[in-house]
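# Analysis of the macromolecular model
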Amino acid sequence: MKILRNKALRWVLLMIGLGAIIALTGMNVFSLYNLRDQMIEGEGERRIDQVDEIHHLIRNELNSPFSGFHKIELEPIEASIRETGQFPPKIKEVLLRVSQSKLYNEIYYTPEDVDPCDSETMIYIYDYETNLMKRTDSYPETVCDGVGIVRTKTKIQLNDLNYRWNNNIEFDSHRSLNVGLINLTESKIIGYLTFLIDDEVVVNELIDPLIEDFFSPSEESGVVVWLYNWISNETLATNDPSVEYDRSLVDYVHRFPSYFNNWTISLAFLQSPIANVYNATLVKNLVVLGVAVLFLVGALIFMFVTAQRERNLAQLQANFLANVTHELKTPLAVMQAAGENISDGRVTENDRLKQYGKHIYDESIRLRRMIEKLLDVARVDSGEVMIKAAPHRMHDLLKKFLTENQEYLESKGFTVKLDSRDKSSLVMIDEDSFETILNNLTDNAIKYSNGVKLIHYSLNSDKNDIYLSVQDQGIGIPKKDLRSIFNKFFRVEDSLKAKTKGHGLGLSIVKNLVDLNGGEIIVKSVLGKGTTFTVIFPKLIREDYPQRHNKVGQTGKNINKSTEYAG
Ligand code: ADP
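Residues numbered from 1 in each chain as written. Predicted model: local features only at pLDDT ≥ 70, side-chain atom pairs only at ≥ 80, totals over all residues. Heavy atoms only, no water.

To continue, consider the overall build of the protein chain. If you tally the helices and strands in the protein chain, you get 12 helices and 18 strands. For a compact globule of 567 residues, the expected C-alpha radius of gyration is about 24 Å, and the protein chain comes in at 54 Å, more than 25% above that figure. Overall, the protein chain is about 170 × 60 × 40 Å in size when its C-alpha atoms are taken along their principal axes. Classification of the 567 residues of the protein chain by burial places 43% in the buried group. Counting only carbon and sulfur atoms, one obtains 55% of the accessible surface of the protein chain, whose full area is about 31800 Å². (Helix = DSSP H or I, 4+ residues; strand = E, 2+ residues; numbered from the N terminus. Rg over C-alpha atoms; globule rule 2.2 N^0.38 Å. Buried < 20%, exposed > 50% of the residue type's maximum accessible area, 1.4 Å probe, protein only. Areas by Shrake-Rupley, 256 points an atom, 1.4 Å probe, with all protein chains shown as cover.)

What follows is the structure, encoded as structure tokens:
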């Protein structure tokens, strides 16, 4: 119950751990993306602010000659014009400033009672050389249009009782700036000033340099900017002539109010270098995060699996101890009872004495084998196994083993077949280890044969290695278990397992000893047909290598074992 609860708790903790990692990773990825988007968005907003700034600079440039114009007292203007043909000094100052600005290229004055739309009507033109107003009857149509606009709007302004400026300024789109001069005391219009705007200068000397300053070149800024005339569909200025204006590319459009209202400043955001840097940082962060998460998850799962394995092993070891004590007690009990009967003098007949003696002998052998196995395990576990390797003929060792065990094998009803094709090769091996290996493999062949009781020992060799096989025709081992049988305490879940005694130690001992002697072990098995264990040791004198390479530990690991499992 407690074990079950612990197991469930471990699973819950693992799941919580994994969940926490996933949640933290998700949060991190989300915030990284968010941060990147905000950075890029911030960059976009900064660019839009720059367009606003350009707009303000253009407006300032256009308005700067007129600063303070609103407050100029205009009452004496009519008299001044009438008497001298000139404006009062304060207006002259403004005109001088405008004449010096490259953005305006002609200045006209139209008195209120004159209609510049009638051809041959005389109005005034500003003479850039003398800085005086001259009468003229030749002027462009723009004057008529500009005056028309400002006249209408100024009249509307005058109707507003709260209107309190001496002039009213109106733009005729990008062609002219027009001023309606007002006599506030009498609430009447005096006349109109028309300043013709030089589009080319505005574009080439004002807007283009500003675009260059703020956005150029597009590879650096990541933005393409167009000053675009949407009425004539033409690009007037851009920071990247290689990219043609295309409405579908445009991410942001800035419109000019009143003046230049048929122009726009359009922006297309390319993948800016800053965005690239953010993206690269994002990718780097994601990779680092991914690797860290993989490590974390790996470590967590590894810890979980190891804990699980150790728990299983502890469980197996506990079972093993219980079984072993039980099994040690059984032969002891038999021997105790037989010994008691003899020593008591209760058994006197020769036949029965012999029988009791045999019992004691058999059980003591069983006990010895069991204790030897336990000692082997203990020695392997503590790493104390001493290998006294010496040159031996494998054939001789095998023969010796079979002779010694002949009686035992026969008593178990087994027929032994020996097939030795290499009687002379020497191997460097510890004799005791070899005996333990053969003992265990033979014991297993006996234990796991329930039909044909035949054990086939065969010895073969190639240029470098010698192969010793122990083959039975027993129950076989399921394929899925082949890789586990060499693990300590592993036993195949099988009906026969219940009937055969064992603790899953024999093969782990065999494997350890084979390794220690510089060999290799492979197993081949067909369920229901039988099993063959083959141990491979390097020959002392190998035909492929010079003599000095023939050391124990250089194993013939190049054998082909595609169909078998190597322990
Ligand atoms: P055990 O004491 O259980 O025999 P081993 O380590 O010697 O322990 O063997 C491990 C398991 O491998 C056995 O429990 C058995 O299921 C399987 N096994 C070993 N040898 C054979 C064989 N010759 N035939 C069938 N199964 C075998």
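Pairing in this open sheet of 6 strands is antiparallel, and the strands run β3-β2-β1-β6-β5-β4 from one edge to the other. In the strand order of this sheet, the two ends are held by β3 (132-136) and β4 (167-172), each with one partner. Averaged over all neighbouring strand pairs, the angle between strand axes comes to 25 degrees, with direction disregarded. Pairing analysis gives 7 bridges linking strand β1 (residues 104-111) to strand β6 (residues 188-197), with the strands arranged antiparallel. Counted as the bridge partner of Y109 is L193 from β6. (Pairing = 2+ DSSP bridges. Axes fitted to C-alpha atoms, helices over the stretch in contact; angles between N-to-C directions.)

Our next topic: a negative patch on the surface. Residues E41, E45, D49 and E53 make up a contiguous surface patch of negative charge. Among the structural elements, E45 can be located in helix α1 (residues 2-63). (Patch = residues over 30% accessible without salt bridge, like charges linked within 9 Å, V, L, I, M, F, W, Y side chains within 5 Å. Salt bridge = Lys/Arg side-chain N within 4 Å of Asp/Glu carboxyl O. Lys, Arg positive; Asp, Glu negative; His and termini not counted. Charge placed at Lys NZ, Arg CZ, Asp CG, Glu CD.)

Once that is clear, we can look at the side chain of S458. Summarising the element assignment, S458 is placed in strand β14 (residues 454-461). The exposure class of S458 is buried, given its relative accessible area of 12%.

Before going further, it helps to examine the nonpolar core. By size, the foremost hydrophobic cluster in this structure holds 48 residues, and its most contacted members are F87, L193 and F195. Among the elements that line this core, the one with the most residues is helix α5 (residues 199-215), at 9 residues. Each residue touching L193, except ones within four places of it in the same chain, is listed here: F69, F87, I91, L95, I107, Y108, Y109, L177, N178, V179 and L181. Membership of the second largest hydrophobic core comes to 39 residues, among which are L397, L402, V492 and L507. (Core = buried A, V, L, I, M, F, W, Y, C linked by side-chain atoms within 4.5 Å. Contact = heavy atoms within 4.5 Å.)

Below, the discussion takes up helix α9 (residues 394-411). Taking 1.5 Å as the rise per residue, α9 with 18 residues should run 26 Å; its terminal C-alpha atoms sit 25 Å apart, in good agreement. Every buried residue of α9 is listed here: M394, H395, L397, L398, F401, L402, N405 and L409. Backbone geometry just after α9 places G413 at a positive phi near 80 degrees. (Expected span 1.5 Å × (residues − 1).)

What follows covers the site of the ligand. Taken together, the neighbourhood of the ligand is formed by 19 residues, with N444, Y448, D472, R491 and L507 sitting nearest. At 2.5 Å from an oxygen atom of the ligand is found a side-chain nitrogen or oxygen belonging to R491. In isolation the ligand has 520 Å² of accessible area, and contact with the protein removes 98% of it. Looking at the shell around the ligand, the elements with two or more residues in it are α10 (431-447), α12 (506-516) and β17 (530-538). Tallied by class, residues from the shell around the ligand come to 9 nonpolar, 7 polar and 3 charged. (Near = heavy atom within 4 Å. Polar contact = N/O pair within 3.5 Å; in protein donor to acceptor, adjacent residues only side chain to side chain. Nonpolar A, V, L, I, M, F, W, Y, C, P; charged D, E, K, R; others polar.)

To continue, consider the sheet that holds strand β9 (residues 252-255). The antiparallel open sheet is built from 4 strands, whose spatial order is β8-β7-β10-β9. Of all strands in the sheet, those bounded by a partner on one side alone are β8 (234-238) and β9. Put simply, the sheet's adjacent strands are angled 30 degrees from each other on average, direction ignored. Sheet topology places β9 next to strand β10 (residues 263-269); 4 bridges connect them, and they run antiparallel. For V253, the partnering residue across the bridge sits in β10 and is S266.

For the coordinates displayed, the defined rule picks out 1 disulfide. Two residues share a disulfide in this structure: C117 and C144, whose sulfurs sit 2.0 Å from each other. With the S-S bond torsion at 95 degrees, the cross-link from C117 to C144 turns out right-handed. In this pair, C117 sits in the loop between β1 and β2 (123-127) while C144 sits in helix α4 (residues 141-159), placing the two residues 27 residues apart along the sequence. (Disulfide = S-S within 2.5 Å.)

Attention shifts here to a nonpolar patch on the surface. Together, L9, V12, L13 and I16 make up a nonpolar patch on the protein surface, roughly 380 Å² of accessible area in all. The topology assignment puts I16 in helix α1.

On to the pattern of salt bridges. Scanning the entire structure with this criterion turns up 15 salt bridges. One salt bridge connects E112 with R151, and the closest N-O pair in it is separated by 3.8 Å. In this pair, E112 is assigned in the loop between β1 and β2 and R151 in helix α4, connecting sequence segments 39 residues apart. Residue D419 is joined to R421 by a salt bridge in which the shortest nitrogen-to-oxygen separation is 3.8 Å. By relative accessible area, D419 is classed as partly exposed at 26%. We classify R421 as exposed; its relative accessible area is 63%.

Interpretation note: all reported values are geometric properties and have no functional meaning in isolation.
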